[in-house]
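Secondary and tertiary structure notes
Each chain, letter by letter, is given below.
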Amino acid sequence: MLKHFGIALRLTVVSIAIFGFVYPFAMTGLSQAVFPYQAGGVFVKDAHGSIVGSEIIGQSWHEPYYFHGRPSAAGKNGYDPTSTGGTNLAPTSKKLIDATKSAIAALKKENPDATLSVPMDLVTSSASGIDPDISPAAAYYQVPRVAKARGISVRKLTTLVQGAVRERTWRFLGEPRVNVLALNLALDRVAPVSGVRAHLRR
Amino acid sequence: MTTAGWLQFAAFFIIIIALTKPLGSYMARVFEGERTWLSPVFAPVERFIYRLSGVRADEEMPWHVYALAMLAFSAVSLAWIYLVLRTQQWLPFNPQHFPNLAPDLAWNTAISFTTNTNWQFYSGESTMSYFSQMAALAWHNFVSAGVGIAISVAVIRGVARTTTKTIGNFWVDLTRCCLYLLLPICVIGTLVLVMQGVPQNFNAYHTVKTVEGAAQTITGGPMASQEVIKELGTNGGGFVNANSASPNENPTPFSNLFEMVMIFLIGASLTYMYGKMVKDTRQGWAIFAAMAIVFVAGFCIAYAFEGAGNPLIHQLGVNGPNMEGKECRLGVGASALFATVTTDTSCGAANSSHDSFMPLGGLVPLVNMQLGEVIFGGVGSGLYGMIVFVVLTVFIAGLMVGRTPEFLGKKIEKREVQFAILAILVTPVLVLIPSAIASVKHDALATLGNAGPHGLSEILYAFSSTNANNGSAFGGLGSNFFWNIATGVNMFFGRFAVAIPALALAGALAGKKAVAPGIGTFTTNSTIFVVLLVGTILIVGALTFFPADALGPIVEHLLMLQGKTF
Amino acid sequence: MLAQRRLERRPKSRPLLDRAILGPAILDSFKKLNPRAMARNPVMFIVEVGAAVTTLFLIRDLARHAPAGFDFAISAWLWFTVLFANLAEAMAEGRGKAQADALRRTKTETTARKVDGDRFTIVAANSLRKGDIVRIDAGEIIPADGDVIAGAATVDESAITGESAPVVRESGGDRSAVTGGTRVLSDSITVRVTANPGESFLDRMIALVEGAQRQKTPNEIALSILLSGLTIVFLIAVATLLPFSIYSGERQTVTVLIALLVCLIPTTIGGLLSAIGIAGMDRVMQRNVLAMSGRAVEAAGDVDTLLLDKTGTITLGARQAVEFITAEGIEQLEASRIAFYSSLSDETPEGRSIVALAERNGVSKEDALPDGATFVPFSAYTRMSGVDFGGTSIRKGAPDSILAWVRENGGDAQTNLAPDVERIARAGGTPLLLARNTQIVGVIHLKDILKPNMRDRFARLRAMGIRTVMITGDNPLTAAAIAGESGVDDFLAEATPETKMDLIKREQQAGRLVAMTGDGTNDAPALAQADVGVAMNSGTQAAKEAANMVDLDSDPTKLIEVVEIGKQLLMTRGALTTFSIANDVAKYFAILPAMFAAAYPAMNALNIMRLSTPQSAILSAIIFNALIIVALIPLALRGVDYKPRGANAVLRKNVLLYGLGGIIVPFIGIKIIDVILAVLHLT
């Protein structure tokens, strides 16, 4: 009995050393050496060279000249990576149905010129609350608004969105999607909104 | 539902089938103490560990000594993790200066990780220091998985051996498992995940100014190394609250596939190892087949309902699958698959919000856990749970061939039935009784995230998950003192009240002599046996939980069809 | 050697519904309501407690003048459920009791002549103790079980075996055991008593068939544990439904919850389990085999290897004359005629076969014996038979006996027939010497005749996965010939008790269960070693003690039937367990929507049987649950149909029949009951 507790204690110490410290530190060193960009957090810079976020982390968008992401339940204002999660509302939840209703209404108000039907992902919250992507349909849905706000043609913008669509990996893994941050940064490069950026950044 | 969704499912399952045999053979060598191609590296380390810990590697243990060693180790590791969580603010690697955890939450979390459950009543990204994540949680992901696998190896030995008292050495099984099996896969897995974009650093959280000028704090940490053992060891405790839904933990559809493969990998390979160790690989494949049937059925149901979407939202003029609580890069196919995979096993990692699944889509993970998580199952716990079901099936069906039931030539008699029934009883006792109490208890109901039948589903899900040591949740449920204590107790008994009867069963079987098989004997590698095994698992599960589930997800579905909301 | 006659099996079949049994059984099923007796069966005990509790609620409702029709119906049907289960057990027991009564009638009070040195004292039979010595003359009843220590006699054992043909009991050898209550027909014997009063064979037999000593068998215990476990599962599932129903807004009454509980717990198998066991023993008994325990019958179902004695099992005990070999200087016709005379009065099959052969050889039927001929019947002493007429004596018999007789008569016992005698013996046949006065006339070759249909039976056994091994004292060549002809899987030639024992141990070491039959004292160790040992009633006391079954007909082929009964017994348990559990699916669909009809009308979608009202649904389920027990009593008593086939084929059939059937039948049954209730306006 005591013998086994003794072994348990000693093995605990030994295994913490191996699996609790040696392993993560060694892996960190190795990862930093082989994939420094990814291991560090996939940070992306804007045209001015300042870090504006992580490519894999979604962020809040409100301006009409940017493509918007999905509703988020992460943190008080959404898209808070330190408070990730979904709404956890049931499909029969009155709150969910009401929230979806107002999301539809808000979306329609923002996009008076939208011709496509309302895409599901733009009116439902993601699981992480920091979903960096929207569906291609959701991007196309916003094209008339963004084009109008930026004063570029719908056709040009549609082509840009088309280029931003990431297809399924190997044609069947996951879903086609558009990374909102990447699309918006590309948009800023192709059709900058003069003055506004500078104003926003100060 | 899309062709791509089905292809993704098929690809996943083909990979699992393809890996089962090679890894299973390797595991059989590891646990039978043979040399492997990794021995040149690990054999000296292994000997060193034994020397430091005082383990005598050649000592064989009877079942009760094995159980005792297992309990001693679990007790020590439980104490360690509690200690770390209660003192983390004074410990190193805490760049965010997170405070110590409250006693009830620390207790809940300590049991949660000791029992391989990884039920999380906290958000990792705002609660746990890097020290706690590594030295308490990630370390525990290794050893609690190792404990589960060790028990299953011991149980297999009990089935395979004849007229002996001993079923192996716990310390050796645990050490070899962590060293030869978990560690090498984790090293490769970490690199794969980092390549996909999972962070692996010790940086403090990074606050950036977003494109629109808002401040956003981006989390970091040694995530990839923890992520891989979280899946491989079917632990499931996420580095961050959103778990594998978070693009940090699971950035791409490929990382998603990789993580799912990690979850099933050992559970599936254990079936082949079992076949190897009982000297008839068809026995292993029969169990694999039974598991596969329930797995495929579960996925089809979940995918069908998630793919069809929410009619209450369709009524608002928005069509499409149920995207509430799902990620765009993954979609319903990968989410339904992940949810099925994570609850077939005792993993509990989640890449979507199970609480927001359609009623019958969410019923799949719920039922998976209520069946005792034997569909590939928790690493180790799935197989020994399955062997309990095999014994039960053999006993009922074996009678119908007109002989005293035999399992691999060993007569199933009073003692075996007793231990099997004890193990089977754990699930109804630990799921239904606390759920019943919670369903009429004020402080329990206070933290429900949803009303109506779905509230009952949240209660059932919590106790089904903690009992089965799964750890996934209907996340709407909040924590308070009641839930911390109740789920803590539940996880504790859910682990040990099954493991100990399973070891006792192994001890009883090991002592038996095996009767030679003939055409008159009941075989456990035939198609009809697979059908019966599946039937037994489903019938036992369904009969136990049908009333409760009928008042939860099932009636919620029927009411939803009538347009009711709560 | 010819005296041992065996009749074909003659099962004492009794109709399933015997009025004489049913009456007392109904009475017994009420007596069995005693909770102390019920507690032995946890499943049915729960039902009884449920019935009692619902009755209390019923009384409360009646006292409050609340409407109580539904509660009354539920409570009544719960009591019926208990009674039906009790009835099944009582009927199974009743069949045993009827048999015991018949046996008891043969246990007449009698006196005994106790040998006390040189004197006899007349004492009451029930005062005899182990070791006492008694003498029994022709016409007297044997007062106690014992071993013949002197003399030989023919005994009528029909009281025990039901067989009218007398058997020989003699001192020494393997036919020395006599049973109390049987009658000596000829000669007189001295017997050493081997059983105290109350412990005799007859007493044990009565106790066994009455079930007085009935203990649960290992498999029954294991199954009871399983059923108790399931009962606990359902107890939890139903008890927790009360708080769940409160959460859901429709608090359930205790009566309804108890109704659901009783429907779910495995009452079908729980109610019939003990009846199945008793009936299994009874079926063995009906074949005149006395199993010392239920455990033995169960073990018979597990047998992998059957050791069968050649004589009496594979070949007819009676042999047939196939040739007469004449001594030097004797014509064939002459020898045939002498053989013919010797056997005219011999009514044994062997004797008749000699007459038939002689006639084929040209002896005329009309060649009657001269008047005044006296027949010399076979006796255990002389071991020969024959006829005396006009100064001529003809004898036939075992070679050594005949040689001794010839020598006694002053003749020359030297004969050139010795090689022929040996040849016949070696070929597996039996040589009988034939002698007239002082002259050896010839040898009669009696040959083994295979029993009909044995090949089929062994094929059946093979299909069940049972290996047959023929045990014979013959040399390997003969044994191989007979084994090949009969279709056994293997044989053990020139068997001695030791080689037989070795064979059993070898088989057991290879993990096989062995069954064997035996009758001699030197079989006793092997009988004890075998997993299933069946002693012939004609055998010695030692053999009977060592065996776990005694065949009263002394028919070794019965072993095959006992194996089948053992298998059938286990299959019946498995089938009814499966059926019972499968039934629950339909019951859930009947009761759950009914329970929550008010809070969740949407749940009516689960009412796939479209039962008319919630009350009718619950009542229909509970009535079905009670009636199915009655409906299955015949199956429990008779056992499920059994055809020898491989395990997987048997399994497939039973799973379809009792598993799938168990799911479907209650859907239909409950619906029918619901329709009847609706038509009769009972709900």
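Residues numbered from 1 in each chain as written. Chains lettered and ligands numbered in written order. Predicted model: local features only at pLDDT ≥ 70, side-chain atom pairs only at ≥ 80, totals over all residues. Heavy atoms only, no water.

What follows covers the pattern of salt bridges. Residue and element names in this part refer to chain C. One pass over the full model with this rule turns up 48 salt bridges over all chains. Measuring nitrogen to oxygen at the nearest pair gives 2.6 Å for the salt bridge that ties E89 to K32. You can see E89 sitting in helix 4 (residues 69–106) and its partner K32 sitting in the loop between helix 1 (19–31) and helix 2 (35–38), a full 57 residues away along the chain. With relative accessibility at 21%, the residue E89 sits in the partly exposed group. Overall, K32 belongs to the buried group, its relative accessible area being 15%. Across the pair R113 and E140 runs a salt bridge whose closest N-O atoms are separated by 2.8 Å. With R113 in strand 1 (residues 111–116) and E140 in the loop between strand 3 (133–136) and strand 4 (146–156), this pair connects stretches of sequence that are 27 residues apart. (Salt bridge = Lys/Arg side-chain N within 4 Å of Asp/Glu carboxyl O. Helix = DSSP H or I, 4+ residues; strand = E, 2+ residues; numbered from the N terminus. Buried < 20%, exposed > 50% of the residue type's maximum accessible area, 1.4 Å probe, protein only.)

Bringing the interface of chain C and chain B into the picture now. Across the contact, 59 residues belong to chain C and 58 residues belong to chain B. Counting each side, the surface lost to burial between chain C and chain B is near 4,900 Å², with a carbon and sulfur contribution of 78%. Of all residues in chain C, F244(C), Y247(C) and L651(C) bury the most surface against chain B, accounting for 15% of the area lost on that side. In this structure, D302(C) engages K411(B) in a salt bridge whose closest nitrogen and oxygen atoms are separated by 3.6 Å. (Contact = heavy atoms within 4.5 Å. Buried area = accessible area lost by both parts, 1.4 Å probe.)

The next thing to look at is the confidence of the model for chain A. Summing up the model confidence of chain A, the mean pLDDT is 92 and the portion of residues at 70 or higher is 96%. Predicted confidence is poor over residues 198–202 of chain A, with pLDDT under 50, and the contacts of this stretch with residues over four places away or in other chains come to 8 contacts. (pLDDT = per-residue confidence, 0-100.)

To continue, consider the sheet that holds strand 17 (residues 467–471) of chain C. Residues and elements named next belong to chain C. Strand order in the open sheet formed by 7 strands is 9-21-20-19-10-17-18, with mixed pairing between adjacent strands. What marks the edges here is a single partner per strand, and that holds for strand 9 (289–291) and strand 18 (490–492). Pairs of neighbouring strands in the sheet enclose a mean axial angle of 20°, with direction left out of account. Of the strand pairs in this sheet, strand 9 and strand 21 (residues 549–551) are connected by 3 bridges, and their pairing is antiparallel. By the bridge assignment, V289 is partnered in strand 21 with D551. Against the sheet, helix 18 (residues 476–486) contacts strand 17 and strand 18, and its axis sits at roughly 150° relative to strand 18. (Pairing = 2+ DSSP bridges. Axes fitted to C-alpha atoms, helices over the stretch in contact; angles between N-to-C directions.)

Let us look at the pairing of strand 19 (residues 514–518) of chain C. The side chains of a regular strand alternate between both faces of the sheet. Residues and elements named next belong to chain C. Among the 5 residues that make up strand 19, 5 are buried, leaving the element largely enclosed by the rest of the structure. Covered by surrounding structure in strand 19 are V514, M516 and G518 together with A515 and T517, the residues of both alternating faces. Pairing between strand 10 (residues 305–309) and strand 19: 3 bridges, direction parallel. Bridge pairing in strand 19 links T305 to V514. Summarising the sheet, strand 19 and strand 20 (residues 532–536) pair through 4 bridges and their orientation is parallel.

This brings us to helix 6 (residues 170–196) of chain B. Residue and element names in this part refer to chain B. Between its terminal C-alpha atoms helix 6 stretches 37 Å, which fits the 39 Å expected from 27 residues at 1.5 Å a residue. When the local axis directions of helix 6 are compared, the greatest deviation, roughly 35°, occurs at L182, which is followed within four positions by the proline P184. Counting buried positions over the 27 residues of helix 6 gives 23, a clear majority of the element. Measuring from the backbone nitrogen of W171 back to the side-chain oxygen at the start of helix 6 gives 2.9 Å, which picks out N169 as the cap. Note on helix 6: the residue one or two positions beyond its end, G197, has a positive phi of about 120°. (Expected span 1.5 Å × (residues − 1). Bend = angle between axes of the 7 residues up to and from the residue. Polar contact = N/O pair within 3.5 Å; in protein donor to acceptor, adjacent residues only side chain to side chain.)

All names here are of chain C. Together, L656, L660, I664, I668, I672, V675, I676, V679, L680 and L682 give the surface a local cluster of nonpolar side chains, amounting to about 930 Å² of exposed area. Checked against the element boundaries, V675 lands in helix 24 (residues 647–679). Taking relative accessible area as the criterion, V675 reaches 39% and is therefore assigned partly exposed. (Patch = residues over 30% accessible without salt bridge, like charges linked within 9 Å, V, L, I, M, F, W, Y side chains within 5 Å. Areas by Shrake-Rupley, 256 points an atom, 1.4 Å probe, with all protein chains shown as cover.)

Let us look at empty space enclosed by the protein. All names here are of chain B. Per the counting criterion, the structure on display carries 10 cavities of 30 Å³ or more. Quantified by volume, the largest cavity comes out at close to 340 Å³. Lining the largest cavity are 27 residues; nearest its centre among them are L371, G372, E373, T427 and V498. Listed by contribution, the elements that provide at least two residues to the lining of the largest cavity are helix 13 (381–399), helix 14 (414–439), helix 17 (481–510) and helix 18 (527–561). Looking at side-chain class alone, the lining of the largest cavity contains 13 nonpolar, 12 polar and 2 charged residues. (1 Å grid on protein atoms, 1.4 Å probe; cavity = no way out; pocket = protein on both sides within 12 Å on 5 of 7 lines; lining within 4 Å. Points joined across faces, edges and corners; volume = space filled by probe spheres on them. Nonpolar A, V, L, I, M, F, W, Y, C, P; charged D, E, K, R; others polar.)

With 97 residues of chain A at the contact, the number on the chain B side is 110 residues. Summed over both sides, the interface between chain A and chain B buries roughly 8,500 Å², with carbon and sulfur atoms accounting for 68% of that surface. At the boundary of chain A and chain B, one finds 2 salt bridges. As a salt-bridge pair, E59(B) and K3(A) come within 3.3 Å of each other at their nearest N and O atoms.

What links the strands of a sheet is backbone hydrogen bonding, and the strands pair in either a parallel or an antiparallel sense. All names here are of chain A. The 3 strands lie next to each other as 3-5-4, forming an open sheet whose pairing is antiparallel. In this open sheet, the two strands that pair with only one neighbour each are strand 3 (133–134) and strand 4 (165–166). As defined by bridge partners, strand 3 adjoins strand 5 (residues 177–179) across 2 bridges and the pair is classed as antiparallel. Residue pairing for strand 5: I134 is matched across the bridge by V178.

Moving on to the environment of V341(B). Looking at where V341(B) falls in the secondary structure, it is placed in helix 11 (residues 331–344). For V341(B), the residues in contact, after removing those within four places along its chain, are F12(B), M260(B), I263(B), F264(B) and F295(B).

This part takes up the environment of S72(A). The topology assignment puts S72(A) in the loop between strand 2 (51–54) and helix 3 (94–110). With 59 residues separating them in the primary sequence, S72(A) and D131(A) have C-alpha atoms 8.1 Å apart.

Residues and elements named next belong to chain A. Within helix 6 (residues 180–190), 8 of the 11 residues are buried, which leaves it mostly tucked inside the rest of the structure. By the burial criterion, the buried members of helix 6 are V180, L181, L183, N184, L185, A186, L187 and D188. The N-capping residue of helix 6, defined by a side-chain oxygen 3.1 Å from the backbone nitrogen of L181, is N179.

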